[in-house]
Amino acid sequence: MDRGEILGHYEWATGTCFRCAKTDTPTTLLAEITPPAGDRYEVRVCERCVLELEDERRRYAERTGREYKPGQLGRRES
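Within every chain, residues take consecutive numbers counted from 1 along the sequence as written. Side-chain atom pairs in this predicted model are given and counted only at pLDDT of 80 or more, local residue features only at pLDDT of at least 70, and totals for whole chains, interfaces and linings cover all residues. Computation of side-chain values: all heavy atoms of the structure, hydrogens and water removed.

(A) Focus on the state of the cysteines. What counts as a disulfide here is a pair of cysteine sulfur atoms lying within 2.5 Å. Per the stated rule, a full pass over the model turns up zero disulfides. Of all cysteine sulfurs, the one in Cys-20 lies closest to Cys-46, which takes part in no disulfide; the gap is 3.7 Å. Here's how the labels work: a residue is buried when its accessible area is under 20% of the maximum for its type, exposed when over 50%, partly exposed in between, all with a 1.4 Å probe on protein chains only. With a relative accessible area of 3%, Cys-46 lands in the buried category.

(B) Structural detail: the pairing of strand β2 (residues 25-33). When DSSP locates at least two bridges between a pair of strands, those strands are taken to pair. We count a stretch as a helix when DSSP gives it H or I for four or more residues in a row; a strand needs E for two or more, and each element gets its number in order from the N terminus. Bridging between strand β1 (residues 13-15) and β2 involves three bridges; their strand directions are antiparallel. Across the sheet, the residue bridging to Thr-14 is Pro-26, located in β2.

(C) Fine view of the packing of aromatic side chains. Any two rings among Phe, Tyr and Trp, with Trp reduced to its six-membered ring, count as a pair given centres within 6.5 Å; such a pair is stacked if its planes are under 30 degrees apart, edge-to-face if over 60, and tilted if neither. Within this structure, the stated rule accounts for one aromatic pair. With a centroid separation of 6.2 Å and an interplanar angle of 70°, the aromatic rings of Tyr-10 and Trp-12 are classed as edge-to-face. The class of Tyr-10 is buried, set by a relative accessible area of 10%. Taking relative accessible area as the criterion, Trp-12 reaches 29% and is therefore assigned partly exposed.

(D) Layout of the environment of Glu-62. On the secondary structure map, Glu-62 appears in helix α2 (residues 47-64). For Glu-62, a relative accessible area of 56% gives the class exposed. Along the primary structure Glu-62 and Asp-39 are separated by 23 residues, whereas in three dimensions their C-alpha atoms are 39 Å apart.

(E) Representation of unusual backbone geometry within the structure. Residue Ala-21 is not a glycine yet carries a positive backbone phi of 70°. Positive phi, normally seen in glycine, also occurs at Asp-24, with a value near 50°. Following the sequence through the fold, Asp-24 ends up in the loop between β1 and β2.

Structural measurements only, silent on function.
Structure (structure tokens):
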């Protein structure tokens, strides 16, 4: 699967990547954190980091005999 196909699984908005700290770049929502104070924070990741994380997921799937499906970052595995 090529880069464009993997990135096409996500919705993008300008933001800051939590992983590499790049700012004002296309990012996708990975998670939301709501601490006891009630404020909500978005954990966003940039295109480069999405590709790196997806590659880690693919290698893990190969090692464990699981099926790799792109576009699942931030979702709980069943």
